[in-house]
Protein chains: 2
Amino acid sequence: MAKKDEKLKIIPLGGLNEIGKNMTVFEYKNEIIVVDCGLSFPEDEMLGIDVVIPDITYLLKNREKVKAIVLTHGHEDHIGALPYALKKINVPLYGTKLTLGLVENKLREHRMLGDVNMNIVKPGDIRNLGVFSVEFIKTSHSIPDAVSLAIDTPLGKIIHTGDFKIDYTPIDGDIINLHRFAQLGSEGVLALLADSTNVERPGYTMSERTVGETFENLFKNVDSRIIVATFASNVHRIQQVINAAYTFNRKVAFSGRSMVNVANAAMELGYLNVPDGMHIDINDLNRYPDNEIVVITTGSQGEPMAALSRMASSEHRKMDIQPGDMVIISATPIPGNEIKVSNVINLLFEKGANVIYESLADVHVSGHACQEELKLIHSLVKPKYFIPVHGEYRHLRHHASLAESLGMSRENIFVANNGKIIEITSDEARISGSVDSGNILVDGLGVGDVGNIVLRDRKHLSEDGLMVVVVTISKEDGKVMSGPDIVSRGFVYVRESEDLIDGAKIVVREALKKCEDNNIKEWAVLKSAIKDSLKGYLYERTKRRPMILPIIMEV
Amino acid sequence: MAKKDEKLKIIPLGGLNEIGKNMTVFEYKNEIIVVDCGLSFPEDEMLGIDVVIPDITYLLKNREKVKAIVLTHGHEDHIGALPYALKKINVPLYGTKLTLGLVENKLREHRMLGDVNMNIVKPGDIRNLGVFSVEFIKTSHSIPDAVSLAIDTPLGKIIHTGDFKIDYTPIDGDIINLHRFAQLGSEGVLALLADSTNVERPGYTMSERTVGETFENLFKNVDSRIIVATFASNVHRIQQVINAAYTFNRKVAFSGRSMVNVANAAMELGYLNVPDGMHIDINDLNRYPDNEIVVITTGSQGEPMAALSRMASSEHRKMDIQPGDMVIISATPIPGNEIKVSNVINLLFEKGANVIYESLADVHVSGHACQEELKLIHSLVKPKYFIPVHGEYRHLRHHASLAESLGMSRENIFVANNGKIIEITSDEARISGSVDSGNILVDGLGVGDVGNIVLRDRKHLSEDGLMVVVVTISKEDGKVMSGPDIVSRGFVYVRESEDLIDGAKIVVREALKKCEDNNIKEWAVLKSAIKDSLKGYLYERTKRRPMILPIIMEV
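Residues numbered from 1 in each chain as written. Chains lettered and ligands numbered in written order. Predicted model: local features only at pLDDT ≥ 70, side-chain atom pairs only at ≥ 80, totals over all residues. Heavy atoms only, no water.

Draft legend 1. Seen up close, the packing of aromatic side chains. A complete count under the given rule lists six aromatic pairs over all chains for this structure. Taking 6.2 Å as the distance between ring centres and 40° as the angle between the ring planes, the aromatic pair formed by Phe 215 of chain A and Phe 219 of chain A counts as tilted. Separated by four residues within a single helix, Phe 215 of chain A and Phe 219 of chain A lie in helix α6 (residues 209-220), roughly one turn from each other. Each member of the pair, Phe 215 of chain A as well as Phe 219 of chain A, carries the same accessibility label: buried. Measuring from ring centre to ring centre gives 6.4 Å for Phe 349 of chain B and Tyr 357 of chain B, while their planes differ by 80°; the resulting arrangement is edge-to-face. The pair formed by Phe 349 of chain B and Tyr 357 of chain B is uniform in burial state, with each residue classed as buried. The ring of Tyr 539 of chain A is capped by Arg 545 of chain A, whose NZ or CZ atom sits 3.9 Å from the centre of that ring. (Phe/Tyr/Trp six-rings, centres within 6.5 Å; stacked < 30°, edge-to-face > 60°. Helix = DSSP H or I, 4+ residues; strand = E, 2+ residues; numbered from the N terminus. Buried < 20%, exposed > 50% of the residue type's maximum accessible area, 1.4 Å probe, protein only. Lys NZ or Arg CZ within 6 Å of the ring centre and 35° of its normal.)

This is the structure:
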């Protein structure tokens with residue numbers, strides 16, 4: 001039992017006030033374990049950025065304390081930052097078979113597979129990680145092999161749900177282990193960290209199985225090819241497509257790099273069951289009649305480079321959409337992707353496809369718990385403290401209200417921020433300070449080298465383009481020797497705007513003349529004079545503000 | 001009656017396969033009338049663009065034929081392109097009082113108010129415009145004074161619904177004139193053009209009045225200030241906020257430029273009824289207790305510069321959000337705005353506001369007809385030909401299917417594109433060709449001067465920034481006199497990447513040296529050499545591809 005002055009620290013490094021890059025630190029004295037290590041996708045204003053990962057400065061400062069990273073499931077927002085983190089702090093990983101299978105793919109791409117210590121666990125397993133012991137509890141989510149964690153600490157047990165839903169008829173047959181949640185609740189739980197994604201939705205999330213029924217109904221009377229787009233990681237969804245295909249004597253082909261990768265991994269590891277002879281290569285489609293074909297593809301989010309978009313715009317090397325094809329988009333647009341998805345739907349319709357999507361049929365269910373499911377977990381677990389995680393501020397706030405409505409007192413609920421230290425002693429819990437946290441932007445090979453200044457410049461350039469002004473100046477007397485030469489990009493179509501550019505040259509010459517008349521020779525002043533005069537001139541003529549880059553060359 | 005060889009042409013110049021910039025041409029012999037003249041908002045890839053307007057080349061080529069522009073209602077996607085169009089082709093406008101009131105505001109901003117011939121009409125009026133006569137029919141929409149048009153032509157009557165819904169309990173008391181649609185249907189309608197926006201939604205759109213009931217329920221037990229964000233043009237919505245405020249003894253202030261403008265115009269023209277003494281200035285808010293205040297504001301789409309966003313981020317000069325404020329977002333995010341709206345909701349919650357939005361209460365209804373309403377109009381009008389308008393391809397396609405399901409034969413339905421000529425004779429209708437059409441991009445004062453090259457450059461710049469390389473070369477012997485100098489923006493944070501830039505200079509010097517050794521002096525070749533060598537070097541080092549701008553100065 002912990003002494004009175006002993007402290008447990010819970011520090012979210014990601015996943016709070018945002019959707020994505022989930023990562024939480026649990027610290028007791030000299031020992032740390034980390035739950036998940038996810039990435040998020042760039043916001044609109046993060047121009048040119050590939051992915052966003054959590055700031056792990058705190059872990060690097062406490063490098064020798066970190067015992068392990070424990071994973072709840074294999075989605076990008078829970079495992080996607082691992083290659084970047086492990087390059088800096090290589091600690092053992094713990095996760096279920098499919099989760100680590102997907103991590104393996106990722107590490108292979110980063111050429112660091114052999115360097116990482118990976119430990120496969122099963123639901124029900126308990127692993128001792130220093131002072132902590134972590135129990136893995138079976139749950140349901142939109143990817144198989146998802147687990148909640150019960151973390152035993154010297155101060156008591158903590159449950160971290162991970163992403164979950166309650167599905168009484170899951171595709172893999174094993175329902176979320178409600179008994180274990182109940183048992184832990186009876187024994188006493190110090191704190192609950194729970195998924196807030198769907199807290200604004202009343203009622204229950206439907207069972208994954210309901211989508212299978214929709215597939216059966218859709219497949220029933222169709223003679224054309226069937227193309228189903230969904231998330232590559234949604235293996236249960238893919239299984240249901242395969243089941244429906246089997247029922248109606250169709251072969252199945254996979255399309256899209258991540259779909260092929262995940263399907264192969266899932267088949268190898270036994271998570272996807274494809275009867276012998278049913279799986280065909282996409283190159284062999286034309287060997288079969290239309291009514292014997294199902295293609296399962298990426299691109300359900302309208303990603304322009306994904307297979308479905310390429311089919312829709314005739315840029316797919318292996319197949320095109322033909323009139324009459326039934327295309328099922330078995331997903332909901334993630335906020336921000338609505339227009340991209342809509343564009344793909346329009347293209348598909350224009351090619352004569354019969355497109356089925358969420359507003360027309362029940363072709364998707366969420367992987368996250370709605371209000372009634374959350375209430376069940378809260379009621380079973382009966383935690384002393386509650387920390388809503390995995391959500392924007394509005395979700396965390398609503399989840400806190402939900403807990404209050406079930407009888408928790410407000411001072412035991414912590415709506416925190418990334419980087420906040422939630423410190424629990426035997427007496428109390430409080431936010432005791434904060435550590436470094438935030439968004440590290442990954443752009444190509446650069447991790448963290450694109451900051452606010454670079455992004456601000458990209459934004460400026462994206463809106464009005466730029467104008468470069470070059471002037472050559474004599475080393476001896478500071479007089480202009482050649483120029484101004486002007487080059488613009490992204491501003492106006494130059495061939496049609498010659499007199500605008502000519503006018504700009506005159507404006508720059510006048511500005512330089514004025515400097516010369518006043519015997520001004522400092523480059524900084526000359527540059528400002530060029531910039532200011534040009535800015536005014538261009539705004540008056542065009543009401544635009546391109547970036548102006550004056551360059552002085554001395555000869 | 002028309003002779004056998006006489007033709008009526010219907011040419012949509014905007015609004016087909018897109019949401020926005022609605023504009024349709026009706027042409028008979030030497031006479032043209034135009035219905036609506038709207039703008040659309042730029043798509044994501046139209047970087048830096050302010051608005052998009054239709055290509056009116058066809059009207060300019062047939063300048064002397066154009067008799068009038070007839071307006072269905074005052075939304076931007078129906079009147080927003082007028083200032084640009086009227087500058088090129090100044091023809092009389094016809095529209096209802098509020099519609100023309102909003103056009104007036106717009107023309108005043110463009111300083112061309114005195115130059116335009118505006119003719120106010122009332123529902124029920126008929127105007128003879130050359131060979132055409134246009135009847136204005138009362139409808140309901142999310143702005144008052146919306147009308148459908150019955151256009152009498154030598155070949156028969158054409159009904160253009162404009163944007164509409166069927167509201168049996170509208171706020172202004174006058175319901176859509178179903179009797180007139182029925183009568184016209186009995187007499188025989190040649191063609192119907194109808195709003196397709198909500199064709200994917202089953203059932204009926206709820207009455208605007210239901211939102212008023214929600215307001216009453218929300219206002220009932222609240223002691224805090226109430227802030228309602230909605231579309232400035234939704235005058236009936238604003239009226240209902242005022243009514244609820246009146247019921248609970250609250251004053252009303254307006255916030256946001258367009259809200260103030262529209263509210264003033266609507267009060268002046270009698271479309272908004274505010275009891276004496278109830279309307280207060282936003283500067284006077286602090287003279288009243290919290291429970292006597294309602295603020296009606298812009299910003300329901302999360303627009304970063306609108307009043308609500310500025311309140312949420314403490315950048316509003318007149319008011320801040322205080323803990324306990326009830327903020328009602330009485331709108332649905334327009335596709336593409338979901339994340340912006342969500343960001344504002346999060347900021348408001350963080351300030352301690354109680355935020356009410358669509359997923360939590362019925363605070364918004366659509367202004368467009370759903371499937372059952374569309375079926376009613378089709379059934380009353382019984383047109384010979386049908387042209388779905390106002391929608392993306394998926395909407396037009398579904399609207400065509402809806403018409404077919406009601407018994408129309410497929411060959412009488414025209415799912416067209418902008419620019420297509422739908423030619424109707426006494427015998428038949430067919431698509432007989434096409435005219436210029438498309439997107440004209442407006443950026444600042446430039447109309448149409450930003451094209452694909454400029455946009456492609458902006459996109460390139462936005463993703464990886466740029467690197468400018470300047471070299472000075474001797475006029476006499478072509479030898480490098482100074483440089484290479486390198487300036488980059490939006491690429492890497494230069495102070496932290498000095499050795500990358502130093503390396504780049506070495507690469508450029510080597511490329512130039514090689515040219516010199518081979519006695520190459522053509523600038524184009526030198527520039528290519530600089531570009532190619534640098535491109536390879538930078539990609540290898542960073543996996544990024546900034547725009548490279550080589551500039552050679554001769555001295």
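Draft legend 2. Representation of a negative patch on the surface. On the surface, a cluster of negative charge is made up of Glu 43, Asp 44 and Glu 45 of chain A together with Glu 43, Asp 44 and Glu 45 of chain B. Its location among the elements puts Glu 45 of chain A in the loop between β3 (31-35) and β4 (51-54). (Patch = residues over 30% accessible without salt bridge, like charges linked within 9 Å, V, L, I, M, F, W, Y side chains within 5 Å. Areas by Shrake-Rupley, 256 points an atom, 1.4 Å probe, with all protein chains shown as cover. Salt bridge = Lys/Arg side-chain N within 4 Å of Asp/Glu carboxyl O. Lys, Arg positive; Asp, Glu negative; His and termini not counted. Charge placed at Lys NZ, Arg CZ, Asp CG, Glu CD.)

Draft legend 3. Spatial organisation of the UniProt feature "binding site: Ca(2+)" (unreviewed entry) in chain A. This chain's UniProt record puts "binding site: Ca(2+)" (unreviewed entry) on Gly 48, Asp 50 and Asp 443 of chain A. Annotated residues spanning 396 residues; largest pairwise C-alpha distance 6.9 Å, indicating a single compact cluster. Ignoring any residue separated from it by four or fewer positions in sequence, one finds Asp 50 of chain A in contact with Pro 42, Val 442, Asp 443 and Gly 444 of chain A. The topology assignment puts Asp 443 of chain A in strand β21 (residues 439-443). Leave out the neighbours within four places in its chain, and Asp 443 of chain A touches Gly 48, Ile 49, Asp 50, Val 450 and Arg 458 of chain A together with Glu 463, Asp 464, Thr 542 and Arg 544 of chain B. (UniProt positions renumbered as here; feature names shortened; annotations may be inferred. Contact = heavy atoms within 4.5 Å.)

Draft legend 4. Region of the structure containing the pattern of salt bridges. If you walk through the whole model with that rule in mind, you get 54 salt bridges over all chains. A salt bridge links Glu 187 of chain A to Lys 157 of chain A, with the nearest nitrogen and oxygen atoms 3.9 Å apart. Of the two residues, Glu 187 of chain A sits in helix α5 (residues 178-187) while Lys 157 of chain A sits in strand β11 (residues 156-160), which places them 30 residues apart along the sequence. Lys 351 of chain B serves as the salt-bridge partner of Asp 320 of chain B, at 3.3 Å between the closest nitrogen and oxygen. One end of the pair, Asp 320 of chain B, is in the loop between α9 (307-312) and β16 (326-329); the other, Lys 351 of chain B, is in the loop between α10 (338-350) and β17 (354-356), and 31 residues separate them in sequence.

Draft legend 5. Quick look at the packing of helix α5 (residues 178-187) of chain B against helix α11 (residues 371-381) of chain B. Residue and element names in this part refer to chain B. Packing of α5 against α11 leaves a shortest axis separation of 7 Å and a crossing angle of 40°. In terms of axis orientation, α5 runs oblique to α11. From α5, Leu 178, Phe 181, Ala 182 and Gly 185 reach across to α11, where they touch Leu 376, Ile 377, Leu 380 and Val 381. Of the residues belonging to the contact of α5 with α11, the class tally is seven nonpolar, one polar and no charged. (Axes fitted to C-alpha atoms, helices over the stretch in contact; angles between N-to-C directions. Parallel < 35°, antiparallel > 145°, perpendicular 65-115°, else oblique. Nonpolar A, V, L, I, M, F, W, Y, C, P; charged D, E, K, R; others polar.)

Draft legend 6. How the structure looks around the side chain of Asp 325 of chain A. Residues and elements named next belong to chain A. Locating Asp 325 in the fold gives a position in the loop between α9 (307-312) and β16 (326-329). At 2.8 Å, the side chain of Asp 325 forms a polar contact with the backbone nitrogen of Gln 322. Among all residues touching Asp 325, those that are not within four sequence positions of it are Ser 224, Arg 225, Ile 227, Asp 320, Ala 353 and Asn 354. (Polar contact = N/O pair within 3.5 Å; in protein donor to acceptor, adjacent residues only side chain to side chain.)

Draft legend 7. Molecular detail of the relation of the copies chain B and chain A. Expressed as a screw operation, the relation of chain B to chain A combines 0.1 Å of axial shift with a rotation of 180°, fitting to an RMSD of 0.1 Å. Classification of the inter-copy transformation places it as that of a two-fold axis. Distance from the rotation axis, computed per C-alpha, reaches its smallest value in chain B at Ser 462 of chain B: 2.4 Å. (Least-squares fit on C-alpha atoms with pLDDT ≥ 70 in both.)

Draft legend 8. Seen up close, the sheet that holds strand β24 (residues 480-489) of chain A. Residues and elements named next belong to chain A. Across the sheet, which stays open at both edges, the three strands sit in the order β24-β23-β25 with mixed pairing between neighbours. The open sheet has two edge strands with one neighbour each: β24 and β25 (547-554). Going across the sheet, the axis of each strand differs from the next one's by a mean of 15°, ignoring polarity. Each of β23 (466-473) and β25 touches helix α15 (residues 523-542); the most contacted strand, β25, lies at about 145° to it. (Pairing = 2+ DSSP bridges.)

Draft legend 9. Representation of the interface of chain B and chain A within the structure. At the junction of the two partners, chain B supplies 62 residues and chain A supplies 62 residues. Of the roughly 5,300 Å² buried where chain B meets chain A, counting both sides, 62% is carbon and sulfur surface. Interface area lost by chain B to chain A is led by Arg 394, Arg 544 and Met 553 of chain B, which between them contribute 11%. Applying the counting criterion to the chain B and chain A interface returns four salt bridges. Residue Arg 544 of chain B pairs with Asp 449 of chain A through a salt bridge whose shortest N-O separation is 2.5 Å. At the surface where chain B touches chain A, the tally comes to 24 residue pairs in polar contact (both at pLDDT 80 or more). (Buried area = accessible area lost by both parts, 1.4 Å probe.)

Draft legend 10. Examining the pairing of strand β19 (residues 420-424) of chain A more closely. All names here are of chain A. For β19, a buried count of four out of five residues is recorded, marking the element as mostly surrounded by other parts of the structure. Bridge count between strand β1 (residues 8-14) and β19: three bridges; the pairing is antiparallel. Within the sheet, the bridge partner assigned to Leu 8 lies in β19 and is Ile 424. Sheet topology places β19 next to strand β20 (residues 429-434); five bridges connect them, and they run antiparallel. Following the sheet pairing, Glu 423 is matched in β20 by Arg 430. Linking two consecutive strands that pair antiparallel, namely β19 and β20, is a turn of four residues.

Draft legend 11. Focus on unusual backbone geometry. All names here are of chain A. For Asn 17, which is not glycine, the phi dihedral falls at a positive 60°. With respect to the helices, strands and loops of the structure, Asn 17 is situated in the loop between β1 and β2 (23-28). Classification of Asn 17 as partly exposed rests on a relative accessible area of 25%. Here Asn 249, not a glycine, exhibits a phi torsion of approximately 55°, which is positive. One can find Asn 249 in the loop between α7 (235-247) and β14 (251-255). With relative accessibility at 63%, the residue Asn 249 sits in the exposed group.

Draft legend 12. Just helix α10 (residues 338-350) of chain A, in detail. For α10 of chain A, built from 13 residues, the straight-helix expectation of 18 Å at 1.5 Å per residue is met to within 8% by its first-to-last C-alpha distance of 18 Å. Three or more residues of α10 of chain A are buried, namely Glu 338, Val 341, Ser 342, Val 344, Ile 345, Asn 346, Leu 348 and Phe 349 of chain A. Where the residues of α10 of chain A are buried, they touch α9, β16 and β17 (354-356) of chain A together with α10 and α12 (393-405) of chain B. Positioned one or two residues after α10 of chain A, Gly 352 of chain A has a phi angle of 90°, which is positive. (Expected span 1.5 Å × (residues − 1).)

Draft legend 13. Here's a closer look at the UniProt feature "active site" (unreviewed entry) in chain A. Residue and element names in this part refer to chain A. Here the UniProt-annotated "active site" (unreviewed entry) positions come out as Asp 195 and His 368. Their sequence span is 174 residues, while the largest C-alpha to C-alpha distance among them is just 7.6 Å; these annotated residues converge on one region. Examined against the element boundaries, Asp 195 turns out to sit in strand β12 (residues 189-195). Once residues within four sequence positions are removed from consideration, Asp 195 is found in contact with Thr 161, Gly 162, Asp 163, Phe 164, His 368, Leu 374, Val 389, His 390 and His 399. By secondary structure assignment, the location of His 368 is in the loop between β17 and α11 (371-381). Not counting chain neighbours up to four residues away, the residues in contact with His 368 comprise His 141, Asp 163, Phe 164, Lys 165, Asp 195, Thr 197, Asn 198, Thr 205 and Glu 373. Among the polar contacts made by the side chain of His 368, one reaches the side chain of Asp 195 at a distance of 2.7 Å.

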